[in-house]
Amino acid sequence: MNIAGLAILIGVIFGLFLSAVLFLAVHTDGKLKGKYDEKQTLARGRSYTYAFYTTIAANLIMMILYAMNVPVPFEPYIAFFIALLPSGFVWGFFAVWNDADVSLNSKRKTMLRTYIIIGVANILLAIFFIATKTMYVDGKFSIGLISLLCGFMMFFMVAVTGIRERIRAKEEEED
């Protein structure tokens, strides 16, 4: 196993562990499973459906690029992640916009702070890769690109949440 493979394996295991810890911290009843009302459950189902179709489309595009030997500036393992990323944006946007991102037994502000902390950590890691000139090596992006993209996705979630909250506040003000 090469160093990149080991780093990804450790990152995935650490990410799953951290997710479990964060879920316990965010949920008010100390359980991993969120509680959703009917409207949220329907919206979550639609957001997962849209994300699924986005994943299929992105993977087909990536498959076509590789099948046609189109030179891509990243390793195949990064291509897998890049193909997954649009579905994260789609799920995140749709779920946040329809108030289905945070369960009834969760602390919304804590979840938002979590997005910010994860986003900052990933951007700082990407800056480290850029500063050490390891973001782009031998004509290909390294694993640091994944950190940069994850950071952007977290700040996208924060931005959509902020926009949605402002719209909700204006709607309540008008009523």
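Note that this is a predicted model, so its numbers are computed, not measured.

1. What about the overall build of the protein?
Next, step 1: Scanning the protein from N- to C-terminus turns up five helices and two strands.
Next, step 2: N-terminal to C-terminal, the α/β element order of the protein is α-α-α-α-β-β-α.
Next, step 3: The C-alpha extent of the protein, read off along each of the three principal axes, is 60 × 30 × 30 Å.
Next, step 4: Considering only residue pairs separated by 6 or more positions, the protein has 73% of its internal contacts joining residues 24 or more positions apart.
Next, step 5: Accessible surface computed for the protein: about 11200 Å², of which carbon and sulfur atoms make up 73%.
Next, step 6: If you average the places of the 16 positive and of the 13 negative side-chain charges in the protein, the two averages end up 5 Å apart.

2. Some thoughts on the nonpolar core
Next, step 1: The biggest cluster of nonpolar side chains holds 25 residues, and the ones touching the most others in it are Phe 74 and Tyr 115.
Next, step 2: Secondary-structure elements contributing two or more residues to this core are helix H2 (38–67), helix H3 (76–97), helix H4 (108–131) and helix H5 (144–174).
Next, step 3: Looking at this core, the element that brings in the most residues is H5, giving eight residues.
Next, step 4: Ignoring any residue separated from it by four or fewer positions in sequence, one finds Tyr 115 in contact with Asp 101, Met 154, Met 157 and Val 158.

3. Comments concerning a nonpolar patch on the surface
Next, step 1: Among the surface-exposed residues, Ile 3, Leu 6, Leu 9, Ile 10 and Ile 13 lie close enough to one another that they form a single nonpolar patch of about 500 Å² accessible area.
Next, step 2: If you trace the backbone, Ile 10 turns up in helix H1 (residues 3–26).
Next, step 3: Residue classification places Ile 10 among the exposed positions, given a relative accessible area of 51%.

4. Topic: the side chain of Thr 114
Next, step 1: With respect to the helices and strands, the residue Thr 114 is situated in helix H4.
Next, step 2: Given the relative accessible area of 12%, Thr 114 is considered buried.
Next, step 3: Those residues in contact with Thr 114 that sit more than four places away from it in its chain are Leu 22 and Val 26.

5. What to know about the pattern of salt bridges
Next, step 1: One pass over the structure, following the stated rule, counts five salt bridges.
Next, step 2: The salt bridge involving Arg 168 is made with Glu 165; its shortest N-O contact spans 2.6 Å. With a gap of three residues between them, Arg 168 and Glu 165 both fall in helix H5, about one helical turn apart.
Next, step 3: Among the residues examined, Arg 168 registers a relative accessible area of 16% and is labelled buried.
Next, step 4: For Glu 165, a relative accessible area of 31% gives the class partly exposed.
Next, step 5: Members of the salt-bridge network, linked through shared partners, are Asp 99, Arg 164, Glu 165 and Arg 168.

So, how was this worked out
- Residues numbered from 1 in each chain as written.
- Predicted model: local features only at pLDDT ≥ 70, side-chain atom pairs only at ≥ 80, totals over all residues.
- Heavy atoms only, no water.
- Helix = DSSP H or I, 4+ residues; strand = E, 2+ residues; numbered from the N terminus.
- Contact = heavy atoms within 4.5 Å.
- Areas by Shrake-Rupley, 256 points an atom, 1.4 Å probe, with all protein chains shown as cover.
- Lys, Arg positive; Asp, Glu negative; His and termini not counted.
- Charge placed at Lys NZ, Arg CZ, Asp CG, Glu CD.
- Core = buried A, V, L, I, M, F, W, Y, C linked by side-chain atoms within 4.5 Å.
- Buried < 20%, exposed > 50% of the residue type's maximum accessible area, 1.4 Å probe, protein only.
- Patch = residues over 30% accessible without salt bridge, like charges linked within 9 Å, V, L, I, M, F, W, Y side chains within 5 Å.
- Salt bridge = Lys/Arg side-chain N within 4 Å of Asp/Glu carboxyl O.

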